[in-house]
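Secondary and tertiary structure notes
Residues per chain, in single letters:
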Amino acid sequence: TPCIKLPDVLVYQAASGIKTVDEMFNALSAYNVLATWSIRLFSFFLLLVGIYLLLVPLKKYANSIPVAGHEVAELRGVRLCVFSACIGSCFWLMLAGAMWIGYQ
């Protein structure tokens, strides 16, 4: 759990009603998990949109790419979205793995 109870640490959190220390820490821990996953999903969505926006102009100028120009030119609509989702997912998983290794 991310919230650790230490005797010398002051936690400034206001709540309505009377709650025990364990209830307060459980509520803070649940909020921390929710905030963390919200940020992860938002960053995943931004990465997918970013990859898609990088690939859209390639459709117009794809014939000038030396090796894979014809294949890129064939990507249209849903296929471009799926392709960018695959690339974005791979990048996001690599980034999440590197962050997890860094925090260990």
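Each remark here, short or long, concerns the structure printed above.
What you are looking at is a predicted structure, and each value in this text was computed from that prediction instead of being measured.

**Comments concerning the packing of aromatic side chains**
This model, assessed by the stated rule, comprises one aromatic pair. Note on F44 and W92: the rings are 5.2 Å apart at their centroids and 70° apart in plane angle, and the pair reads as edge-to-face. Of this pair, F44 sits in helix 1 (residues 21-60) while W92 sits in helix 3 (residues 78-103), and the two are 48 residues apart along the sequence. What makes F44 partly exposed here is its relative accessible area of 24%. The exposure class of W92 is buried, given its relative accessible area of 17%. Over the ring of W37 we find R40; its NZ or CZ atom is 4.6 Å from the centre of that ring.

Here is what the cut-offs are and how they apply
Residues numbered from 1 in each chain as written. Predicted model: local features only at pLDDT ≥ 70, side-chain atom pairs only at ≥ 80, totals over all residues. Heavy atoms only, no water. Phe/Tyr/Trp six-rings, centres within 6.5 Å; stacked < 30°, edge-to-face > 60°. Helix = DSSP H or I, 4+ residues; strand = E, 2+ residues; numbered from the N terminus. Buried < 20%, exposed > 50% of the residue type's maximum accessible area, 1.4 Å probe, protein only. Lys NZ or Arg CZ within 6 Å of the ring centre and 35° of its normal.

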